Amino acid sequence: MQIKKILILALFISSINSFALANFEAEEKFVSNFADNAISILSNDSLDASQKNIQFTELVMSSIDMNLISKFVLSKYWKLATDDQKKAYQVAFKQYFISSYANKLDQYSGEKVIIVSSNAAKKFVIVKSNIVRDGTDTLKIELDWRLLTRDSQTKIIDLSIEGISLIIAQREEFQSFLANNDNSLDALINKLNSINSKN
C-alpha cells in the first residue's frame with residue numbers, strides 16, 4: 001500500500017513538472033506568423049486600401065476568435081439581446097474590431113515582432129513578444145498575446161500592449177457607453193456603424 005502511494009505521488013509530481021516544462025513552440029510560431037503577416041500587409045505600398053482591408057480581414061478572421069471576443073466585450077448585454085440585435089451587433093463589431101486592430105498594428109510598420117517567451121495561464125497560453133526596429137535597440141514595446149486552443153484550433157483572444165488588455169479596455173468602453181445611453185444595445189450598434197462608415 002505504501003509503495004502504491006509513493007508511485008501515485010511520483011506520477012502526480014511528474015505530471016506537474018511536465019506541464020511546467022510544456023513546449024509552446026507551436027503557439028509561438030502561430031503568433032510570429034500572424035504578426036509578421038499583419039505588418040507585411042499593412043506596410044505593403046503596392047496594395048491599395050481595399051486590397052489591404054480584404055487581406056487583413058482574411059488574416060484576422062482565420063487567426064482571431066471574433067465570436068468569443070464580441071460576446072466578452074458585450075458582457076451581460078449579450079444574453080439580453082434579441083437574435084436580430086445579436087446579428088446586427090456582430091456584423092458591426094467585426095468591421096469595427098478589424099479596423100481598430102489594423103490601426104494599432106499599422107503603427108508598427110517597419111518593425112519586427114520578436115518572441116521572448118511563453119507560458120501557460122490556466123487554459124490559455126500567453127506568448128510574450130517585443131516590437132523592435134531594425135538597427136536600434138531603443139524601441140521595445142511589450143506585446144502579450146493570449147491564445148486559446150479548442151477543437152485542435154488555436155486562436156488569438158486578446159492582445160495586451162504594454163500591459164493594457166485590448167479586449168478588457170474595449171469591454172469597459174462599451175459598458176460605459178451603454179450605461180450612459182439607457183443600456184440601449186441599438187444605440188451601441190448605431191454608434192459602431194457610424195464609426196465604421198468613416199473608416
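In the block above lies the structure referred to throughout.
Residues numbered from 1 in each chain as written. Predicted model: local features only at pLDDT ≥ 70, side-chain atom pairs only at ≥ 80, totals over all residues. Heavy atoms only, no water.

Asks: Explanation requested: the overall build of the protein chain in the structure shown.
Replies: On a plain count of helices and strands, the protein chain comes out with 8 helices and 5 strands. Order of helices (α) and strands (β) in the protein chain, N terminus to C terminus: α-α-α-α-α-α-β-β-β-β-β-α-α. The proportion of buried residues among the 199 residues of the protein chain is 38%. Excluding contacts between residues fewer than 6 apart, the proportion of contacts in the protein chain whose partners are at least 24 apart in sequence is 53%. Summed over all atoms, the accessible surface of the protein chain reaches about 12200 Å², with 52% contributed by carbon and sulfur. (Helix = DSSP H or I, 4+ residues; strand = E, 2+ residues; numbered from the N terminus. Buried < 20%, exposed > 50% of the residue type's maximum accessible area, 1.4 Å probe, protein only. Contact = heavy atoms within 4.5 Å. Areas by Shrake-Rupley, 256 points an atom, 1.4 Å probe, with all protein chains shown as cover.)

Asks: Is there a simple way to think about the environment of Asn 130 in this case?
Replies: On the secondary structure map, Asn 130 appears in strand 2 (residues 124-133). A relative accessible area of 18% places Asn 130 in the buried class. If sequence neighbours within four positions are ignored, Asn 130 has contacts with Lys 112, Val 113, Ile 114, Val 116, Lys 140, Ile 141 and Glu 142.

Asks: Looking at this model, I keep getting lost on the packing of aromatic side chains. Mind explaining?
Replies: Geometry of an aromatic ring pair is reported as the spacing of the ring centres plus the angle between the planes. Summed over all chains, the structure comprises 8 aromatic pairs. Joined through ring pairs, the aromatic side chains of Phe 34, Trp 78, Tyr 89, Phe 93, Tyr 96, Phe 97, Tyr 101, Trp 145 and Phe 174 make up one cluster. For the cation-ring pair, Arg 146 lies above Phe 124, with the distance from its terminal atom to the ring centre recorded as 5.1 Å. (Phe/Tyr/Trp six-rings, centres within 6.5 Å; stacked < 30°, edge-to-face > 60°. Lys NZ or Arg CZ within 6 Å of the ring centre and 35° of its normal.)

Asks: What's the story with the packing of helix 2 (residues 25-42) against helix 3 (residues 49-63) in this structure? I'm lost.
Replies: In a pair of packed helices, the angle between the axes and the distance between the axes together describe the arrangement. Look at helix 2 against helix 3: their axes get within 9 Å of each other, and the N-to-C directions meet at 165 degrees. On the basis of the axis angle, helix 2 is roughly antiparallel to helix 3. When you trace helix 2 past helix 3, the crossing you get is left-handed. Contacts between helix 2 and helix 3 involve Phe 30, Phe 34, Asn 37, Ala 38, Ile 41 and Leu 42 on the former and, on the latter, Lys 52, Gln 55, Phe 56, Leu 59, Val 60 and Ser 63. Broken down by class, the residue content of the contact of helix 2 with helix 3 amounts to 8 nonpolar, 3 polar and 1 charged. (Axes fitted to C-alpha atoms, helices over the stretch in contact; angles between N-to-C directions. Parallel < 35°, antiparallel > 145°, perpendicular 65-115°, else oblique. Left-handed = near helix turned anticlockwise from the far one by under 90°. Nonpolar A, V, L, I, M, F, W, Y, C, P; charged D, E, K, R; others polar.)

Asks: Sorry if this is basic, but what is going on with the sheet that holds strand 4 (residues 153-161) here?
Replies: Here 5 strands make up an open sheet; going across it, the order is 1-2-3-4-5 and the pairing antiparallel. The open sheet terminates on both sides in strands that have one partner only, identified here as strand 1 (111-121) and strand 5 (164-165). Across 10 bridges, the pairing between strand 1 and strand 2 is antiparallel. Bridge assignment links Glu 111 to a residue of strand 2, and that residue is Arg 133. Packed onto the sheet, helix 2 meets strand 1, strand 2, strand 3 (140-150) and strand 4 and runs at close to 150 degrees relative to strand 1. (Pairing = 2+ DSSP bridges.)

Asks: Can you walk me through the packing of helix 4 (residues 66-74) against helix 7 (residues 166-179) in this structure?
Replies: The geometry of helix 4 relative to helix 7 is characterised by a closest axis approach of 7 Å and an angle of 45 degrees between their N-to-C directions. When the axes of helix 4 and helix 7 are compared, the pair comes out oblique. Contact with helix 4, carried on its side by Ile 69, Phe 72, Val 73 and Leu 74, involves Ile 167, Ile 168, Gln 170, Arg 171, Phe 174, Gln 175 and Leu 178 of helix 7 and no other residues of that element. Across the contact of helix 4 with helix 7, the residue classes tally to 8 nonpolar, 2 polar and 1 charged.

Asks: What is the right way to read unusual backbone geometry from this model?
Replies: In most cases, non-glycine residues show a negative phi, while peptide bonds are predominantly trans. The phi torsion at Lys 122 lies on the positive side, around 60 degrees, for a residue other than glycine. Positive phi, normally seen in glycine, also occurs at Asn 183, with a value near 55 degrees. In this structure, Asn 183 sits in the loop between helix 7 and helix 8 (185-198). Of the residues examined, Asn 183 reaches a relative accessible area of 45% and is grouped as partly exposed.

Asks: It is not clear to me how the pairing of strand 3 should be interpreted in this structure. Could you clarify?
Replies: Where a strand is regular, its side chains alternate between the two sheet faces. Pairing geometry for strand 2 and strand 3, over 9 bridges, is antiparallel. Bridge assignment links Ile 126 to a residue of strand 3, and that residue is Arg 146. Note that strand 3 and strand 4 share 8 bridges and pair antiparallel. Opposite Arg 146, over in strand 4, you have Asp 158 as the bridge partner. Taken together, strand 3 and the strand that follows it, strand 4, pair antiparallel across an intervening segment of 2 residues, in which Asp 151 is found at a positive phi of about 50 degrees.

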